[in-house]
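Below, each chain spelled out in residue letters.
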Amino acid sequence: MKGAIVVNTERCKGCQLCIIACPQKVIAMAGKVNLHGYPYVEAANEEACVGCASCGIVCPDGCITVYRKKVEA
């Protein structure tokens, strides 16, 4: 399985729960703020994502969409 995440940066409040929940260490703080003044997260290590959806499950604001694709071996 190959995964990918998309973060809605305008809704993200930077709580960092997704960073803690990610077993592959895919997510990191972006070092920038959104229009509301909140720091937000981004996919910093995208190639490591396996699409487990742990980040999307723990996000209290529903900011993360997880995609999964089966990769032919």
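Check the entry above for the structure.
Presented here is a report on the structure given in the accompanying data block. (Residues numbered from 1 in each chain as written. Predicted model: local features only at pLDDT ≥ 70, side-chain atom pairs only at ≥ 80, totals over all residues. Heavy atoms only, no water.)

**Considering the overall build of the chain**
For the record, the criterion: Secondary structure elements are taken from DSSP: a helix is a run of H or I of four residues or more, a strand is a run of E of two residues or more, and numbering for both begins at the N terminus. To get the radius of gyration, use the C-alpha atoms; to get the globule rule, take the number of residues to the power 0.38 and multiply by 2.2 Å. Only protein chains enter the calculation, and the probe is 1.4 Å; a residue is then buried if its accessible area is under 20% of its type maximum, exposed if over 50%, and partly exposed in between. The contact criterion used throughout is that any non-hydrogen atoms of two residues lie within 4.5 Å. Each accessible area is a Shrake-Rupley result for a 1.4 Å probe, and residues are judged covered by the shown protein chains and nothing else.
For the chain, the count of helices and strands is two helices and four strands. Radius of gyration (C-alpha) of the chain: 12 Å, near the 11 Å computed for a compact globule of 73 residues. Its C-alpha atoms give the chain principal-axis dimensions of roughly 45 × 20 × 20 Å. Sorting the 73 residues of the chain into buried and exposed places 29% on the buried side. In the chain, the share of contacts with a sequence separation of at least 24, taken over all contacts with a separation of at least 6, comes to 59%. Accessible surface for the chain amounts to roughly 4800 Å². Of this, 55% is attributable to carbon and sulfur atoms.

**Here we look at the pairing of strand β2 (residues 27-33)**
Note the cut-off: For two strands to be treated as a pair, DSSP must find at least two bridges joining them.
Relative to strand β3 (residues 39-43), β2 runs antiparallel, the two being bridged by four bridges. Across the sheet, Ile27 pairs through a bridge with Ala43, a residue of β3. Between β2 and β3, which pair antiparallel and follow one another directly, the connecting turn spans five residues, one of which, Gly37, has a positive phi of 90°.

**Considering the nonpolar core**
The cut-off we apply is this: Put simply, a nonpolar core is a bunch of buried Ala, Val, Leu, Ile, Met, Phe, Trp, Tyr and Cys residues held in one set by side-chain atoms that sit within 4.5 Å of each other.
Core analysis: the largest hydrophobic core is formed by 16 residues, its most contacted members being Ile5, Ile27 and Ile64. Broken down by secondary-structure element, the contributors of at least two residues to this core are β1 (2-7), β2 and β3. Here this core takes three residues from β3, the largest share from any one element. Excluding residues within four positions of it along the chain, Ile27 makes contact with Ile5, Cys18, Ile19, Cys22, Val41, Glu42, Ala44 and Cys55.

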